[in-house]
Amino acid sequence: QRLGYKLNKSSKKTIWIHAASVGETKIAIRLYEKLEKLYPDSCFLISSTTSSSKSIIPKISNLDHCYLPVDWLLASRFGQIC
């Protein structure tokens, strides 16, 4: 995932929220809950940098997680994620 591989792809519009820490992930989850009501047909992605952050993200059909891809052009161009 850090190189942009093995990311789920979707044909739906994807809203990507990045959170670096567990605290930011908690905020990202609350933001997702608000945005999901405004954009019910969208897919959501929360990226993070730690397994602790990943562990608190709920398993919901339109919400996915990935580790933040490396800041490298090819890693961030592998297509829509969700």
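The present account deals with the structure reproduced in this document. As the structure is a computational prediction, the values presented were derived from the model and not from experiment. (Residues numbered from 1 in each chain as written. Predicted model: local features only at pLDDT ≥ 70, side-chain atom pairs only at ≥ 80, totals over all residues. Heavy atoms only, no water.)

1. Focus: the nonpolar core
No. 1: Listed in full, the eleven residues of the largest apolar core are Ile15, Ile17, Ala19, Ala28, Ile29, Tyr32, Leu35, Phe44, Ile46, Ile57 and Leu63.
No. 2: When contributions to this core are tallied by element, the ones reaching two or more residues are β1 (14–18), α1 (22–38) and β2 (43–48).
No. 3: Examining the composition of this core, we find that four residues originate from one element, α1, more than from any other.
No. 4: Other than its neighbours up to four places away in sequence, alanine 28 contacts Ile17, Ala19 and Ile46. (Core = buried A, V, L, I, M, F, W, Y, C linked by side-chain atoms within 4.5 Å. Buried < 20%, exposed > 50% of the residue type's maximum accessible area, 1.4 Å probe, protein only. Helix = DSSP H or I, 4+ residues; strand = E, 2+ residues; numbered from the N terminus. Contact = heavy atoms within 4.5 Å.)

2. Quick look at the environment of leucine 35
No. 1: For leucine 35, the position within the fold is in helix α1.
No. 2: Residues leucine 35 and isoleucine 15, 20 residues apart in the sequence, show an inter-C-alpha distance of 8.8 Å.
No. 3: Dropping the residues within four chain positions of it, leucine 35 is found in contact with Ile15, Ile17 and Phe44.

3. Some points on α1
No. 1: The end-to-end C-alpha distance of α1 is 25 Å, a good match for the 24 Å that 17 residues give at a rise of 1.5 Å each.
No. 2: For α1, the complete set of buried residues consists of Thr25, Ala28, Ile29, Tyr32 and Leu35. Angularly, the buried residues of α1 cover 135 degrees about the axis, an arc narrow enough to put them on a single face. Across α1 from its buried face, at more than 90 degrees, point the exposed residues Arg30, Lys34, Lys37 and Leu38.
No. 3: Residues of α1 that are buried sit in contact with β1, β2, α2 (51–55) and β3 (63–67). (Expected span 1.5 Å × (residues − 1). Arc of directions from axis to C-beta.)

4. Things to note about the pairing of β1
No. 1: Here β1 shows a clear split, with Ile15 and Ile17 buried on one side and none of Thr14, Trp16 and His18 buried on the other.
No. 2: Relative to β2, β1 runs parallel, the two sharing five bridges. In the strand pairing of β2, threonine 14 is matched with cysteine 43.
No. 3: Crossover handedness for the path β1 to α1 to β2: right-handed. (Pairing = 2+ DSSP bridges. Right-handed = clockwise from strand over helix to strand, strands pointing away.)

Interpretation note: all reported values are geometric properties and have no functional meaning in isolation.
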